[in-house]
Amino acid sequence: MAMNIRRMQLADLKVAAYNPRKDLQPDDPKYQKIKQSLETFGMVEPIIWNERTRHIVGGHQRIKALRNMGETETDVVVINETLKEEKKHQKELSKETKK
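Given the structure is predicted, the values throughout are model-derived calculations rather than measurements.

A. The arrangement of the overall build of the chain in detail. When helices and strands are tallied, the chain shows three helices and four strands. At 13 Å, the chain has a C-alpha radius of gyration in line with the 13 Å of a compact globule built from 99 residues. Counting only C-alpha atoms and orienting by the principal axes, one finds that the chain spans roughly 35 × 25 × 25 Å. Counting over 99 residues, the chain shows a buried share of 35%. Within the chain, contacts between residues separated by at least 24 positions form 80% of all contacts whose residues are at least 6 apart in sequence. Split by element, the accessible area of the chain, about 6,700 Å² in all, is 52% carbon and sulfur. For the chain, the distance from the average position of its 20 positive side-chain charges to the average position of its 15 negative side-chain charges is 6 Å.

Right under this line is the structure:
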């Protein structure tokens, strides 16, 4: 199955209000690690964005770092899910990043 990748304006990517992750701030060591990784390696793991709800499903912290770095656009993997499916998807992504 092929991925649907699209170049998007960061301003068009909405944060999911239900996202359980801590809202990292620029002085947080985890935020600094994300920012340093983006500066060193670029975007090697795509943002996941739901076209139906317009929510970011995966990559909230990377989007925040990109915005703070002055970036205005990025590539996203586009999905098309109901809100219920999206929440389940986001929960699975969160489990994967905790491993």
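B. Region of the structure containing the sheet that holds strand 1 (residues 5–9). Spatial strand order, 1-4-2-3: four strands in an open sheet with mixed pairing. Edge positions in the sheet fall to strand 1 and strand 3 (56–58), since each has one partner strand and no second. Put simply, the sheet's adjacent strands are angled 50° from each other on average, direction ignored. Sheet analysis places strand 2 (residues 47–50) next to strand 4 (residues 73–79), joined by four bridges and oriented parallel. By the bridge assignment, Trp49 is partnered in strand 4 with Val78. Against the sheet, helix 2 (residues 60–68) makes contact with strand 2, strand 3 and strand 4, and its axis sits at roughly 115° relative to strand 3, the strand it touches most.

Calculation criteria
Residues numbered from 1 in each chain as written. Predicted model: local features only at pLDDT ≥ 70, side-chain atom pairs only at ≥ 80, totals over all residues. Heavy atoms only, no water. Helix = DSSP H or I, 4+ residues; strand = E, 2+ residues; numbered from the N terminus. Rg over C-alpha atoms; globule rule 2.2 N^0.38 Å. Buried < 20%, exposed > 50% of the residue type's maximum accessible area, 1.4 Å probe, protein only. Contact = heavy atoms within 4.5 Å. Areas by Shrake-Rupley, 256 points an atom, 1.4 Å probe, with all protein chains shown as cover. Lys, Arg positive; Asp, Glu negative; His and termini not counted. Charge placed at Lys NZ, Arg CZ, Asp CG, Glu CD. Pairing = 2+ DSSP bridges. Axes fitted to C-alpha atoms, helices over the stretch in contact; angles between N-to-C directions.

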